[in-house]
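If you want the building blocks of each chain, they are given just below.
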Amino acid sequence: MADRTHNETKNSRNGRHSNRIVYEFNLQNCEERANLSFDNFTETLTKDLVKEIKSNSSIVKDIDIIFRYTSEGTVWTVNGKWWAHAIHDFAKKYNIPLTNITFISASATINETYNRWHKLHAPNDDKINCKYENFGFWLYGKSKRYYDHLRFTQEAPTHIRSHKYNCFNRNMLPHRQKFMLSMWEKQLIDPKNTFTSFHYYKDVDNKTDYDVPDELLQILPLQCDIKGDWQTAFDTLFEVIDWTGDDGGDWNKVGDYRYIYENCYFTVTTESAECYGLADQFEDKELNDYFREFHREMFITEKTTRPMLNLHPQIIYCCTGTLEHLKKLGYKTFSNYWNEDYDNEENPETKVSMITDVIKELQNKSLEELHEMYWDMMPILKHNQSLLINQ
């Protein structure tokens, strides 16, 4: 089912106006959205459009098509290939100009990834348009629908805090498993002095190349504020909050997390990027080799913006260039307090090691030292919070 609208646009060459029809397809409506078996949305969602094209093929020059998928994840396949293949095949089949098609993603690197794919796999084709929309930033803005109900740290409490940092890993994507192992190897998993979770369930999360030591397996899943089996933890995290009404906002995005942020000094954020700059994503070596050549993914979700909302500094484990992207948007980072060179590192193994080295350096500080550092950062924290909520 498409959202079909008429846009009156001005032709810049002759000053005339022409009616264009915009068809927008939300890929959330696909029945199957698994990474290895995503619906061919160019067939399942476009049936009404295809009927119109077949009845009047001349309309293709006057239509604009938008495919929207702003959920986390761009590393999914249609018929064994990255989804961009399906769009190009669809355009060729019905003689639709590729320049009339737009794909909207929540990945900040969607355009660069598509351009690399295009150069390798469709160099003689025109290009579709790729756009980026980010839900992580608009969640907490004063002008957005949630703000009046949000509960967050507006003035930081002055007491010495009970824990050093928080690091929550509830969906154990491959890069988070790699991160967990690096933390274990450097003896950094410390549930007594940190708020740390690794919701690793060996019957669910063992489909990777990472061998988890038996000693670590004995304490997994490592749970903090959310407990239970995989389904219970998932249901708790995404429980819909009553005040969000028909919108269906969940605890994960708009819950009150002050009990965490006001009792530790910094956040270690492992973002939701299924990015080949961090780790291989599949068991299939051939598929990993295929994606590794072009795929990068940068999601800025509530995992990054919620600490900003709550006056928290953070170390961010995500795609190369994430901190640089934030700085271009006006946010400030923390290179005056710890080494942020990890943001420029392309090698996945080196990157995770650099990040855990920073964590180790900070974990070796006393609570009093962290307290002093935290308050010295307050102008940055206030700046980032203000920028976030006043966007």
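All residue numbers refer to position in the chain's written sequence, counted from 1. Given that this is a predicted model, residues contribute local features only at a pLDDT of at least 70 and side-chain atom pairs are listed and counted only at 80 or more, while totals for whole chains, interfaces and linings are drawn from all residues. Water and hydrogen atoms play no part in the side-chain values, which are based on all heavy atoms of the structure.

Student: Whenever I open this one, the side chain of K178 confuses me. Can you help?
Tutor: Helix and strand assignments come from DSSP, with helices taken as H or I runs of at least 4 residues and strands as E runs of at least 2, each series counted from the N terminus. On the secondary structure map, K178 appears in helix 6 (residues 174–185). The classification of residues rests on relative accessible area computed with a 1.4 Å probe and restricted to protein chains. Under 20% of the type maximum is buried, over 50% is exposed, and intermediate values are partly exposed. What makes K178 buried here is its relative accessible area of 7%. Not counting chain neighbours up to four residues away, the residues in contact with K178 comprise Y210, L278, A279, Y317, P348, E349 and V352. What makes two residues a contact is simply this: any of their non-hydrogen atoms within 4.5 Å.

Student: Sorry, what's going on with the packing of aromatic side chains here?
Tutor: Here a ring pair, both rings aromatic, is described through the centre-centre distance and the interplanar angle of the planes. Centre distance within 6.5 Å is the pairing criterion for rings of Phe, Tyr and Trp, where only the six-membered ring of Trp is used; planes under 30 degrees apart are then read as stacked, over 60 as edge-to-face, and the remainder as tilted. Summed over all chains, the structure comprises 30 aromatic pairs. On the numbers, 5.9 Å between centres and 70° between planes, the contact of F41 with W76 is edge-to-face. Linking F41 in helix 1 (residues 41–44) with W76 in the loop between strand 3 (63–69) and strand 4 (77–78), this pair joins segments that are 35 residues apart in sequence. In terms of burial, F41 and W76 fall into one category: buried. On the numbers, 5.2 Å between centres and 50° between planes, the contact of W82 with F294 is tilted. Taken together, the residues span a long stretch of sequence, with W82 in strand 5 (residues 81–82) and F294 in the loop between helix 11 (285–292) and helix 12 (302–309) at a distance of 212 residues. Given a relative accessible area of 0%, W82 falls into the buried group. Note on F294: relative accessible area 0%, which makes it buried.

Student: Can you walk me through helix 3 (residues 83–93) in this structure?
Tutor: Because an α-helix packs 3.6 residues into every turn, residues spaced three or four apart end up facing the same way. Burial runs high along helix 3: eight of the 11 residues are buried. Those residues of helix 3 that sit buried are W83, A84, H85, A86, I87, H88, F90 and A91.

Student: I tried to follow the pairing of strand 8 (residues 165–169) on my own but got confused; where do I start?
Tutor: Taken residue by residue, a regular strand's side chains alternate between the two faces of the sheet. When you tally the buried positions in strand 8, you get five out of five residues, the bulk of the element. Residues Y165, C167 and N169 line one face of strand 8 and the alternating positions N166 and F168 line the opposite face, and both faces are buried. At least two DSSP bridges between two strands are needed for those strands to be called paired. Summarising the sheet, strand 8 and strand 10 (residues 266–270) pair through two bridges and their orientation is parallel. Across the sheet, residue Y165 finds its bridge partner in strand 10, namely F266. Sheet topology note: the strand 8/strand 9 (residues 195–198) ladder contains four bridges and is parallel. Counted as the bridge partner of C167 is T196 from strand 9.

Student: Hey, could you run me through the packing of helix 3 against helix 4 (residues 110–121) in this one?
Tutor: Between two packed helices, both the angle of their axes relative to each other and the distance between the axes serve to describe the pair. For helices, the axis comes from a line fit to the C-alpha atoms of the stretch in contact; other axes are also lines fit to C-alpha atoms, and the angle between any two N-to-C directions lies between 0 and 180 degrees. Relative orientation of the contacting elements helix 3 and helix 4 amounts to 65°, with a least axis distance of 11 Å. Compared by their axis directions, helix 3 and helix 4 come out roughly perpendicular. Remark: the crossing between helix 3 and helix 4 carries right-handed chirality. In this structure, helix 3 contributes W83, A84, H85 and H88 to the contact, and helix 4 contributes I110, Y114, W117, H118 and H121. By the definition adopted for this analysis, an angle is roughly parallel if under 35 degrees, roughly antiparallel if over 145, roughly perpendicular if from 65 to 115, and oblique otherwise. Crossings are classed by handedness, with left-handed meaning an anticlockwise turn of the near helix from the far one by less than a right angle and right-handed meaning a clockwise turn.

Student: Any chance you could explain the sheet that holds strand 11 (residues 314–317) here in plain terms?
Tutor: Strands in a sheet are paired, the pairing made by backbone hydrogen bonds, and the direction either parallel or antiparallel. Sheet architecture is open: four strands sit in the order 9-8-10-11, paired in parallel fashion. Edge positions in the open sheet fall to strand 9 and strand 11, since each of these has one partner strand only. Taking each pair of neighbouring strands and ignoring which way they run, the sheet shows an average axis angle of 15°. Most of the contacts of helix 14 (residues 348–363) go to strand 11, to which it runs at about 160°, and overall it touches strand 8, strand 10 and strand 11.

Student: What's the story with the state of the cysteines in this structure? I'm lost.
Tutor: In protein chemistry, a disulfide is the covalent bond that joins the sulfur atoms of two cysteines. Only a pair of cysteine sulfur atoms within 2.5 Å counts as a disulfide in this structure description. Overall, the coordinates contain zero disulfides when judged by the stated rule. Of all cysteine sulfurs in the structure, the one in C319 sits closest to C318, which takes part in no disulfide; the separation is 5.9 Å. For C318, a relative accessible area of 2% puts it in the buried group. Among the cysteines around C319, which has no disulfide bond, C275 carries the closest sulfur, lying 4.2 Å off. Assessed through its relative accessible area of 4%, C319 is described here as buried.

Student: Is there a simple way to explain a negative patch on the surface in this structure?
Tutor: Patches draw on residues past 30% relative accessible area with no salt bridge. Two like charges within 9 Å are joined, as are two nonpolar side chains (Val, Leu, Ile, Met, Phe, Trp, Tyr) within 5 Å. A 1.4 Å probe and the Shrake-Rupley method give the accessible areas. Residues count as covered only by the protein chains that appear here. We count a salt bridge whenever a side-chain nitrogen from Lys or Arg sits within 4 Å of a carboxyl oxygen from Asp or Glu. We score Asp and Glu as negative and Lys and Arg as positive, and we do not count His or the chain ends. Where a charge sits is defined by one atom per residue type, namely NZ (Lys), CZ (Arg), CG (Asp) or CD (Glu). Together, D209, D211, E283, D284 and E286 line one region of the surface with negative charge. By secondary structure assignment, the location of D209 is in the loop between strand 9 and helix 7 (214–217).

Student: I keep staring at the pattern of salt bridges and nothing clicks. Help me out?
Tutor: Pairing is possible between side chains of opposite charge, provided their charged atoms come close. For the structure on display, the rule yields 15 salt bridges. For the salt bridge of K92 with D125, the shortest nitrogen-to-oxygen distance reads 3.1 Å. On the criterion of sequence distance, the pair formed by K92 in helix 3 and D125 in the loop between helix 4 and strand 7 (129–132) is long-range, its members being 33 residues apart. Residue classification places D125 among the buried residues on the basis of a relative accessible area of 18%.

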